[in-house]
Amino acid sequence: MHSGQIPLAMVPEGRRAMVIALVGGSGMRRRMADLGILPGHELQVVRGGEWGPLIVLVGETRLALGQEVSRKIFVMPVQS
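Residues numbered from 1 in each chain as written. Predicted model: local features only at pLDDT ≥ 70, side-chain atom pairs only at ≥ 80, totals over all residues. Heavy atoms only, no water.

*Asks:* Go over the overall build of the protein, please, and point to the residues and values.
*Replies:* On a plain count of helices and strands, the protein comes out with two helices and six strands. Its C-alpha atoms give the protein a radius of gyration of 11 Å, near enough to 12 Å, the size a compact globule of 80 residues would have. Seen through its C-alpha atoms, the protein measures out along the principal axes to roughly 30 × 30 × 25 Å. By residue count, 32% of the 80 residues in the protein fall in the buried class. In the protein, the share of contacts with a sequence separation of at least 24, taken over all contacts with a separation of at least 6, comes to 62%. For the protein, the accessible surface area stands at approximately 4800 Å², while carbon and sulfur atoms represent 55% of it. Distance between charge centres in the protein, computed from 9 positive and 6 negative side chains, equals 4 Å. (Helix = DSSP H or I, 4+ residues; strand = E, 2+ residues; numbered from the N terminus. Rg over C-alpha atoms; globule rule 2.2 N^0.38 Å. Buried < 20%, exposed > 50% of the residue type's maximum accessible area, 1.4 Å probe, protein only. Contact = heavy atoms within 4.5 Å. Areas by Shrake-Rupley, 256 points an atom, 1.4 Å probe, with all protein chains shown as cover. Lys, Arg positive; Asp, Glu negative; His and termini not counted. Charge placed at Lys NZ, Arg CZ, Asp CG, Glu CD.)

*Asks:* Explain the sheet that holds strand β2 (residues 16-22) to me, and be specific about the residues and the numbers.
*Replies:* Here we have six strands laid out as an open sheet, ordered β1-β6-β2-β3-β4-β5, and antiparallel in their pairing. Where the open sheet ends on each side, the last strands, each with one partner, are β1 (6-7) and β5 (61-65). Relative to strand β3 (residues 42-47), β2 is paired through three bridges, and the arrangement is antiparallel. By the bridge assignment for β3, M18 is matched with E42. (Pairing = 2+ DSSP bridges.)

*Asks:* Give a detailed account of the pattern of salt bridges, specifying residues and quantitative values.
*Replies:* Across all of its chains, the model carries two salt bridges by this definition. Note that R16 is salt-bridged to E42, the shortest N-O span being 3.1 Å. With R16 in strand β2 and E42 in strand β3, the pair connects residues that are 26 residues apart, well separated along the chain. Classification of R16 as partly exposed rests on a relative accessible area of 30%. K72 is the partner of E68 in a salt bridge, and the nearest nitrogen-oxygen pair spans 3.7 Å. What makes K72 partly exposed here is its relative accessible area of 31%. (Salt bridge = Lys/Arg side-chain N within 4 Å of Asp/Glu carboxyl O.)

*Asks:* Before we move on, could you go through the nonpolar core and cite the residues and values that matter?
*Replies:* If you look at soluble globular proteins, the nonpolar side chains tend to sit buried side by side. Ranked by size, the top nonpolar core spans 17 residues in total, and within it L8, I37, L43, V56 and I73 carry the most contacts. Residues within four places of V56 in sequence aside, it is in contact with L8, L43, Q44, V45, V46, T61, R62, L63 and L65. (Core = buried A, V, L, I, M, F, W, Y, C linked by side-chain atoms within 4.5 Å.)

Set out below in structure tokens:
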């Protein structure tokens, strides 16, 4: 675990973050890889919050992630 990393669910709207780790089973990690969510890749939180799906921008693609999944993706915020 890297110092300063947080779950994706805690990243404020509009902020960019670098994926550090995926904590879950092989199926979850494979699905995230298929969506382009891999350690070392950046994404941006378009819509956050405690309720409902998290909307993230990965490259040019918007994805909706459930709260449970977004708590298993650990990131480091990227300074703009």
